[in-house]
Each structure stands twice: as structure tokens, then as C-alpha cells.
Amino acid sequence: MWQTIKASGYITNTAPVSGMMTLNIEKADASAHLRVFWSNDQTFDASRSI
Amino acid sequence: MSTNFNDYKPNYLKIEALGTNDSAINNMTISFHCANYYPSVTLINDNPTLGNITGGGVYFTGSNVTISATPNTNYTFVGWYDTLNNLVSTESSYTFAMPSNDVTYHAKFTTLSKGATTQFGTYPQSKVTDATLISTLNTAAGTLPTSSNSEAWTDYGYYISGPVASYMWYIDVPNSGNLYRGVYFTSYRPYRIDLASSTYDSWQDDHDYYTNETYWFKFEPISWKVLDIVGGKAFLLADLALDAQDFHYSTDDRSINGATVHANNYEHSHIRAWLNDTFYNTAFTTTEKIMIDTTIVDNSASSTGYDPNPYVCDSTNDKVFLLSYSEVTNTNYGFDAYHLSTDINRKKSPSDYALSQGVNRIADSNSSYYWLRSPHSGNYENARRVRADGMAAAYNIVTAASYGVVPALWIIL
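Conventions and cut-offs
Residues numbered from 1 in each chain as written. Chains lettered and ligands numbered in written order. Predicted model: local features only at pLDDT ≥ 70, side-chain atom pairs only at ≥ 80, totals over all residues. Helix = DSSP H or I, 4+ residues; strand = E, 2+ residues; numbered from the N terminus. Rg over C-alpha atoms; globule rule 2.2 N^0.38 Å. Buried ≥ 20, exposed ≤ 12 C-beta atoms within 10 Å, placed from the backbone. Contact = placed C-beta atoms within 7 Å. pLDDT = per-residue confidence, 0-100. Nonpolar A, V, L, I, M, F, W, Y, C, P; charged D, E, K, R; others polar. Pairing = 2+ DSSP bridges. Axes fitted to C-alpha atoms, helices over the stretch in contact; angles between N-to-C directions.

**Q** What exactly am I supposed to notice about the overall build of chain B here?
**A** Broken down by element type, chain B carries six helices and 31 strands. Its C-alpha atoms give chain B a radius of gyration of 29 Å, clearly above 22 Å, the size a compact globule of 413 residues would have. Over its C-alpha atoms, taken along the principal directions, chain B stretches across nearly 100 × 55 × 40 Å. For chain B, the proportion of its 413 residues judged to be buried stands at 40%. Taking contacts inside chain B between residues at least 6 apart in sequence as the whole, the part at least 24 apart equals 65%.

Put into C-alpha cells, the structure is as follows:
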């Protein structure tokens, strides 16, 4: 187990990270429901998410 | 779950747990592009009240970048421009391969829209009727001109019976922040310049403009219809017939640079010279002149509606021009393609000032005939016209001075 995010909680980086190309997340089980957002300015919306 | 961020290059991630359960993650992997530098796209909205833009950010070199512009209602996206104000694209959704360097694009929107009306430049138009103001302007204008002494007035240089004659003058007088043009004439301007002066052969008196009276007209913004917006420019056509001019002041052939030039040659016509000198310098300020693009005006046979046409001339480079037959029957500009239709979009009413210059107004339609730049193919003396009823039909002799002038131009947005 790498990390558990509380319901309705989130994790994010607070300093910019350059060069990210791909992201892969392996859920622990089917009960994990996650949404990933990305941006360049710390504002997030559904247009850049999975 | 995995993503390549849709080729976007983010600096920030947010992973959110949805629903009511905690979400456990066994493993998370992020791969990185190991470059020394990640170029950026900076977008600047030059008209933020007129529309929105998206797509700025940091991208991998070589990746496809799409930047998008969305105009607000009734406004138009003009284009993307680089930092030197060079037009890059007029596509509202523009995709390009990300270069290795940073790029900055400006988005321009305009309040203009195709088919709408805008104002640009000024020209004497409405007749002054206020007696007090007329008296003030008359005093300011000073002594009235005569054929032997123009005083402070300027001779129009109009023709009667062929040769130029001094009988009609103007003077521009500022008053209380406005500009007015005085018009005074001692003979009637004939509707065809080879005719003698008489009320019978002039339209001036028919519209209540008489000899030896001074009339005043206020310089007002010129109203234009936007025929098209393309390539960062707008194609404008005056809403009114603003003046009355002959197409050319003689039907005689001329020899220019060893070549015979016929009377209906647009390149060497009086009306083209008038538009690009007298009208251009009267109607527009220095700032407005910079906005007017120099148009390569198509004078080919196909533009005249006759092919072949022995009287065509080369393309001309003009600031202001008349529409051609092909333009005034172009549906893309909002006109009916059928030249014999009484197209309301082709009909033009004359200004008060144009009436004072002798344009003929057809009372039933409150509109005038006006010149096109296209020569007729069957006779060297004739040029094409738009009739008062809106038909782009037939032609008239180039010396007709009772036809309206409806200028057209392209402005750089």
C-alpha cells in the first residue's frame, strides 16, 4: 500500500514539477474511486482530468 | 488508471478520492520527459471584453498545440498575431506543432460582424436647417466666391458643356466642435457634363438646391456595411451615396504611355482619382488612413461580368474603390447573384450633400443610381452601374454626373 486518500480528500503538489509525461495509478481494489486533474496553474477543472 | 495528460504538459497534479469510501492506492508511477527546457505558449487577449481564449501553457517540443478563441455574441474573432503584429492564423481553433522556443500569440476580436454596420471617417452629409447656425456659418465663410475670385472658398472644378467652369464652390468651417461644409453655386450642375447648365438638365433644383444660395452640411460619421471579415481585415461599403461624380469627364480616347486609353478605363478614370485623393483626404484622419489597407483591386474581365471585355484595365492598388459588377452580385457579400433582381442590399439612398452635388434621387424608392468600376464591354463610353431599384443592370455614359458615389475599402483590424 502506497497511499490512502480519505473520502472527498485529495493530494496535490504545491510546487511546480516540470516534465511530467504520463501517470499510472494502481488502485488497491475496486472500492477506490479516483479522479486525476492536471494543470499549469494550480486551478483544476474537468476539461483536464480523467 | 493511466493518462498521458492528452499531450498537455502539466506542472501540477491533483488526485481526488470520489464517493464515500477511502481510496487506497497500491502504486503510482509518473514518467518524466528529460529535457533541459520546456517551451511555453503565452496567449494574450487584446480584447478581453469581446471574447475568451484558451490553450496557453507549457508543451513538449513537437507536440500538437491547439489554441482556441471564442467571441462573445455579436462579435467576431479576427485572428492570432505574433508579437510583431503579423497575422499567424485566422482560425479560431488553431493547431500547430510546438516549436523548441517559447511563443506568444495575441488574440484579436472585433466588434464588427459580417452584415453589420459600423462607422469610420466623416463626410459632409446632413443639411443644416438651424437658422441661427446657418447665419453663424455664413458669417464665418466671409465673402462669397465669384468666377473671377474664389475668396476663401474652393472651386469644385466641375464641368459645364465640357470645359471646366468656376461656378460651384465649397468651404469647410468649424463651429462648436463640429465641422460644416458650405456649398454655393451660381449655375446648375448638368446631369451630364457635356450639357449646358439649366434647371432642365440638372437635378439640383429638383431637390431644392438653387443657385446663389449657400447651403451647409454637417460632417458626420460615415456609416458602412461590413461585407466581409477575412484575413484580419474588414471589407466595408458605404451605406449611402455620399457624393455625385462623373466616372470620367470626357468620352475621348487618350494616349497614356503610348497606349490608347478609353473613356471607361477605370485605372485612368476621374472617379478613381477623386476617390483616392479628394474623398480619401476629406473623409479620413491620419490615424484612420493608417487603418485603411491598400487593396489590389481586381479589374479583370471576369470582374466586369463580361468575358471577354476589351475595355478592362490592369489591377489597381487603391485605398478606396468602387465595387465591381462581380462584387455587387456576390452572395458572400450579401448581394443577390441575379443582377436583375431588385436587391434591397444594393439600393443606396443619397445623403443631403450628394443631392446638393446633383445626384438624382428616385422619389419612389428614395435611392439613387450609383457607379460600379466595371466598364461595359460593348462601348468605350459606358460603365456599369447599380440602378436605384437595386438592379445591377445596364450601364451609362461615363460623363453622367448625377450618379452617386458609394465608396468601398478594406480596413485592417
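The structure having been displayed, the exposition proceeds.
**Q** Honestly, the overall build of chain A in this entry has me stumped. Any pointers?
**A** For chain A, the helix and strand inventory stands at zero helices and four strands. Counting helices and strands in the order they occur from the N terminus, chain A gives β-β-β-β. On the principal axes, the C-alpha backbone points of chain A span a range of 30 × 20 × 20 Å. The buried share among the 50 residues of chain A stands at 18%.

**Q** Any chance you could explain the confidence of the model for chain B here in plain terms?
**A** Detailed reading of the predicted model is not advised wherever pLDDT is low. Within chain B, residue pLDDT values average 95, and 100% of them lie at 70 or more. For this predicted complex, the interface score ipTM comes out at 0.97, while the overall pTM is 0.83.

**Q** I would appreciate a short explanation of the interface of chain B and chain A in the present structure.
**A** Bring the parts together and some accessible area is lost; that lost area is often taken as the interface size. Listed by partner, the interface residues are 35 residues for chain B and 41 residues for chain A. Taken together, the elements giving at least two residues each to the side of chain B that touches chain A come down to strand 1 (2–3), strand 2 (12–17), strand 3 (23–32) and strand 6 (57–58) of chain B. Here the side of chain B that touches chain A takes ten residues from strand 3 of chain B, the largest share from any one element. Counted by class, the side of chain B that touches chain A contains 18 nonpolar, 14 polar and three charged residues. Note: strand 3 (residues 20–27) of chain A against strand 1 of chain B, two bridges, orientation antiparallel. Its bridge partner being in strand 1 of chain B, Asn24 of chain A is matched across the sheet by Ser2 of chain B.

**Q** Is there a simple way to explain unusual backbone geometry in this structure?
**A** Outside of glycine, negative phi angles account for most residues, and trans bonds account for most peptide bonds. Residue and element names in this part refer to chain B. With an omega of 15°, the peptide bond between Asp307 and Pro308 qualifies as cis. At Ser176, a residue that is not glycine, the phi angle is positive and equals roughly 50°. The topology assignment puts Ser176 in the loop between strand 14 (168–175) and strand 15 (178–185). Of note, Asn257 is a non-glycine position whose phi angle comes to about 55°, a positive value. Tracing the chain through its elements places Asn257 in the loop between strand 20 (254–256) and strand 21 (259–261). Given 5 C-beta atoms within 10 Å, Asn257 falls into the exposed group.

**Q** Mind showing me how you'd approach the sheet that holds strand 4 (residues 34–39) of chain A here?
**A** Ordered by their spatial adjacency, three strands build an open sheet running 2(A)-2(B)-4(A), and the pairing between neighbours is antiparallel. Of all the strands in the sheet, just strand 2 (10–12) and strand 4 of chain A have a single pairing partner and so form its edges. Neighbour-to-neighbour, the strand axes of the sheet open up by a mean angle of 15°, direction not taken into account.

**Q** I tried to follow the pairing of strand 3 of chain A on my own but got confused; where do I start?
**A** Remember that side chains alternate between the two faces of the sheet whenever the strand is regular. As judged from the seven bridges shared by strand 3 of chain A and strand 3 of chain B, these two strands associate in the antiparallel manner. Bridge pairing in strand 3 of chain B places Asn24 of chain A opposite Thr29 of chain B.

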